[in-house]
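Each chain, written out:
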Amino acid sequence: MKTLHLVFNGSGLRSCQNLKRSEDITVLLGDGTYHSESDQEDLEIENTFTLEEDYSARGLNKSKAINLISYDEIVELCVRCSPIVSWHE
């Protein structure tokens with residue numbers, strides 16, 4: 001089963017990238033949404049999602065390469081993935 005990585009900031013993203021496998025799924029939340037555009041070269045776009053509500057709340061402009069998802073879609077990912085890892089640092 002795939003691991004779901006919930007990333008809340010830049011340091012969490014760096015820690016996550018050191019341990020995640022290519023087939024794992026990453027969701028950028030909170031301040032982690034700032035890295036959805038700036039760190040695209042380091043992210044596997046097809047397995048990386050950004051919480052739309054947090055992205056919009058920060059005034060970020062949607063890029064075509066960003067996969068925006070809702071809270072309901074995060075719940076679906078939580079059901080399909082195990083384990084779920086939360087990255088804050």
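Note that this is a predicted model, so its numbers are computed, not measured.

*Asks:* Would you mind showing me how to read the pairing of strand S2 (residues 25-28) here?
*Replies:* Where a strand is regular, its side chains alternate between the two sheet faces. Burial along S2 is two-sided: Ile25 and Val27 and Thr26 and Leu28, pointing in opposite directions, are all buried. In this structure, strand S1 (residues 4-7) lies alongside S2, joined through four bridges in parallel fashion. In the strand pairing of S2, histidine 5 is matched with threonine 26. For the segment spanning S1, helix H1 (residues 10-19) and S2, crossover handedness is right-handed. In this structure, S2 lies alongside strand S3 (residues 48-51), joined through three bridges in parallel fashion.

*Asks:* Would you explain the nonpolar core in this entry?
*Replies:* Considering soluble globular proteins, one finds that nonpolar side chains tend to be buried as a cluster. Ranked by size, the top nonpolar core spans 11 residues in total: Leu4, Leu6, Ile25, Val27, Leu29, Phe49, Leu51, Ile69, Ile74, Leu77 and Cys81. Of all elements in the fold, only S1, S2, S3 and helix H4 (71-80) reach the threshold of two or more residues within this core. When residues no more than four places from it in sequence are discounted, the contact partners of leucine 29 are Leu6, Val7, Phe8, Leu51, Asp54 and Ile74. Within the second largest apolar cluster, five residues are counted, among which are Val7, Leu13, Cys16 and Trp87.

*Asks:* For this particular structure, what's the right way to read unusual backbone geometry?
*Replies:* In this model, serine 82 is joined to proline 83 through a cis peptide bond whose omega is 0°. By the secondary structure assignment, proline 83 is in the loop between H4 and strand S5 (84-87).

*Asks:* I'm lost on the sheet that holds S2 in this one. Help?
*Replies:* The strand order S4-S3-S2-S1-S5 describes an open sheet built from five strands, whose pairing is parallel. Looking at the sheet topology across the chains shown, the edges are occupied by strand S4 (68-69) and S5. Inspection of the sheet shows S1 paired to S5 by four bridges, in the parallel sense. Opposite leucine 4, over in S5, you have isoleucine 84 as the bridge partner.

*Asks:* Could you clarify how one ought to interpret the pattern of salt bridges in this entry?
*Replies:* A pair can form between side chains of opposite charge whenever their charged atoms are brought close. Evaluated as defined, the whole model comprises three salt bridges. Across the salt bridge formed by glutamate 23 and arginine 21, the nearest N and O atoms sit 3.2 Å from each other. On the basis of relative accessible area, arginine 21 is assigned to the partly exposed category, the value being 38%. Beyond isolated ion pairs, a larger network of salt bridges with shared partners links Arg21, Glu23 and Asp24.

*Asks:* Explain the side chain of threonine 26 to me, please; I cannot follow it from the model alone.
*Replies:* With respect to the helices and strands, the residue threonine 26 is situated in strand S2. Apart from the residues within four sequence positions on either side, threonine 26 is in contact with His5, Val7, Cys16, Lys20, Asn47, Thr48 and Phe49.

Conventions and cut-offs
- Think of each chain on its own: its residues are numbered from 1, step by step along the sequence as written.
- In keeping with the model being predicted, local features are shown solely for residues with a pLDDT of at least 70 and side-chain atom pairs are shown and tallied solely at 80 or more, while totals for entire chains, interfaces and linings include all residues.
- Values shown for side chains rest on all heavy atoms present in the structure; no hydrogens or waters enter the calculation.
- Relative accessibility decides the category of a residue: with a 1.4 Å probe and only protein chains considered, values under 20% of the type maximum give buried, values over 50% give exposed, and everything between is partly exposed.
- In DSSP terms, a helix is any run of H or I states spanning at least four residues, a strand is any run of E spanning at least two, and both are numbered starting from the N terminus.
- Should DSSP find at least two bridges between two strands, the strands are regarded as paired.
- By the criterion used throughout, a crossover qualifies as right-handed when its path from the first strand across the helix to the second strand runs clockwise, the strands pointing away from the viewer.
- We define a nonpolar core as any set of buried Ala, Val, Leu, Ile, Met, Phe, Trp, Tyr and Cys residues linked to one another through side-chain atoms lying within 4.5 Å.
- We call two residues contacting when some pair of their heavy atoms lies within 4.5 Å.
- We define a salt bridge as a side-chain nitrogen of Lys or Arg found within 4 Å of a carboxyl oxygen belonging to Asp or Glu.

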